[in-house]
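Results of the structural survey
Here are the chains, one letter per residue:
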Amino acid sequence: MTTTDPADAELRWRRWHEDRVAAVSAPYGPLALTGTHWLPDHPDGRLPGVPGRWTADAGGVLLTAGAADGLTVDGRPLDGEARLTADAGPVDAARVALGERRLVVLVREGVWGVRDFDPGAGARRAFRGIEVTPYDPRWSVPGRFTPYAGGHRSVRVPNADGRERGLGLGGEVAFTLAGRELALQVAVEADGSLWAVFADATSGRGSYRFRFLYPPAPDADGRTTVDLNRAQLPPCAFADHFVCPFPPPGNTLGVGVEAGERQLRRVR
């Protein structure tokens, strides 16, 4: 499943990198996130810098606001109550807005929260790009996916916000890199593609403390491609308000992955 033409593979990688920069710097990309507010932390229903009163119950979130608060729900001014569930679509399609801001309702392990995305966020204005290592075909190798018996297991891992949550895993991808046999535990996405949270010998020393990797869906024989040129920064590298999971046990590679996205580009 590896690309046989190095020039074509490099061109595809360049397009991938350009798409990544465009996505993270978009008006409602990860740089626009200015806050994640968990409702149990605000028993009075008042969220910092967010108008209205937000309360949770078994059915979701109840938002109460007056016309003067300036909130809209489904494009209409809210003057009263609105019942909300988790926003499943893109941020710009969130049901609740405050001017250009989008207030995204989410739930994690039964805990309801609200994310505040602001296209005018300082992090978005200050963004100067992503430090990325040029494409090198040596970092793209065949992999083989083996699903877990039963198809799923969950492990508790720390998250970037300091809380511990379950991380669902569907199997393991084995691969050989520079003569070393390695493996990563992976989740299986809805489209069949794989997702790994991993660290390596460069993490925190030239690269962000951990990164994400999305190998393509394996074929019927479990074959996929582990292309570390496409290792990418997690959302919490762009905004502190994301709750990215840390690598599960076993996903810290004993090699230095000097490939892919490394960290945010700093202003010199």
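The coordinates are above.
Structure report, in brief. This structure is a prediction, so every number in the text was calculated from the model and none was measured.

As for helix α1 (residues 6–24)
- The first and last C-alpha atoms of α1 sit 27 Å apart over 19 residues, in line with the 27 Å expected at 1.5 Å per residue.
- Within the sequence span of α1, burial applies to A9, W13, W16, H17, R20 and V24. The buried residues of α1 occupy an angular sector of 100 degrees when the element is viewed end-on, so they sit on one face. Those residues of α1 that are exposed and angled more than 90 degrees off the buried face are A7, E18 and D19.
- Buried-residue contacts for α1 involve β10 (130–132) and β19 (261–264).
- Between the side-chain oxygen of the N-cap and the backbone nitrogen of A7 there are 3.1 Å, and the N-cap of α1 in question is D5.

Considering the packing of aromatic side chains
- Tallied over the full model, the rule gives seven aromatic pairs.
- Taking 6.5 Å as the distance between ring centres and 40 degrees as the angle between the ring planes, the aromatic pair formed by W13 and W16 counts as tilted. One end of the pair, W13, and the other, W16, are both in helix α1, three residues apart, so they sit about a helical turn from each other.
- A centroid spacing of 6.4 Å and a plane angle of 40 degrees characterise the contact between F210 and F212, whose relative ring orientation is tilted.

What to know about the nonpolar core
- Ranked by internal contacts, the top residues of the largest apolar core, which has 30 residues, are F117, F127, F210, L233, F238 and F242.
- When residues of this core are traced back to their parent elements, those giving at least two are β13 (164–169) and β16 (194–198).

A look at the pattern of salt bridges
- If you walk through the whole model with that rule in mind, you get 16 salt bridges.
- The residue R156 makes a salt bridge to E109 at a minimum N-O spacing of 2.9 Å. Highlighted residues: R156 in strand β12 (residues 153–158) and E109 in the loop between β8 (101–108) and β9 (111–117), separated in sequence by 47 residues.
- The partly exposed category is assigned to R156, whose relative accessible area is 46%.
- Measuring nitrogen to oxygen at the nearest pair gives 2.9 Å for the salt bridge that ties D161 to R165.
- Taking relative accessible area as the criterion, R165 reaches 8% and is therefore assigned buried.
- By sharing partners, the salt bridges in this structure join D41, D161, R163 and R165 into a single network.

Describing the environment of G99
- Inspection of the secondary structure assignment puts G99 in the loop between β7 (96–98) and β8.
- In the structure, G99 is positioned 87 residues away from R12 in sequence and 37 Å away in space, judged by C-alpha atoms.

Considering the layout of surface pockets
- Size it by volume and the largest pocket reaches roughly 980 Å³.
- Together, 37 residues line the largest pocket, and R108, R115, F212, P235 and F242 are the ones closest to its centre.
- Listing elements by their share of the lining of the largest pocket, those giving two or more residues are α1, β8, β9 and β13.

Some details on the pairing of strand β2 (residues 53–57)
- Pairing geometry for β2 and strand β3 (residues 60–65), over five bridges, is antiparallel. The residue of β3 that forms the bridge with R53 is T64.
- The loop that links β2 with its antiparallel partner β3 comprises two residues.

Criteria and cut-off values
- Counting restarts for each chain, with residues numbered from 1 along the sequence as it is written.
- In keeping with the predicted nature of the model, local features appear solely for residues at pLDDT of at least 70, side-chain atom pairs appear and are counted solely at 80 or more, and the whole-chain, interface and lining totals rest on all residues.
- In computing side-chain properties, one takes all heavy atoms of the structure into account and sets aside hydrogens as well as water.
- What counts as a helix is a DSSP run of H or I of at least four residues, what counts as a strand is a run of E of at least two, and both are numbered from the N terminus.
- By this rule the span expected of a helix is its residue count minus one, scaled by 1.5 Å.
- Categorising residues by exposure relies on relative accessible area from a 1.4 Å probe, with only protein chains included: less than 20% of the type maximum marks a residue as buried, more than 50% marks it as exposed, and the intermediate range marks it as partly exposed.
- The arc in question is traced by the directions running from the helix axis to the C-beta atoms.
- Here a residue-residue contact requires only that any non-hydrogen atoms of the pair lie within 4.5 Å.
- Definition of a polar contact: a pair of N or O atoms within 3.5 Å, with one able to donate and the other able to accept a hydrogen when the atoms are protein atoms, and with sequence-neighbouring residues admitted only if both atoms are side-chain atoms.
- Here a pair means two rings of Phe, Tyr or Trp (six-membered ring of Trp) with centres within 6.5 Å. Their orientation is stacked below 30 degrees between planes, edge-to-face above 60, and tilted elsewhere.
- As used in this record, nonpolar core signifies buried Ala, Val, Leu, Ile, Met, Phe, Trp, Tyr and Cys residues forming a set joined through side-chain atoms within 4.5 Å.
- Salt bridges are identified by distance alone: a Lys or Arg side-chain nitrogen within 4 Å of an Asp or Glu carboxyl oxygen.
- Cavity: a set of points on a 1 Å grid over the protein atoms alone where a 1.4 Å probe fits but cannot get out. Pocket: an open set with protein on both sides within 12 Å along at least five of seven lines, its lining residues, like those of a cavity, having an atom within 4 Å of a point.
- Grid points are joined across faces, edges and corners, and a volume is the space filled by probe spheres set on the points.
- The rule for pairing is simple: two strands pair if DSSP sees at least two bridges between them.

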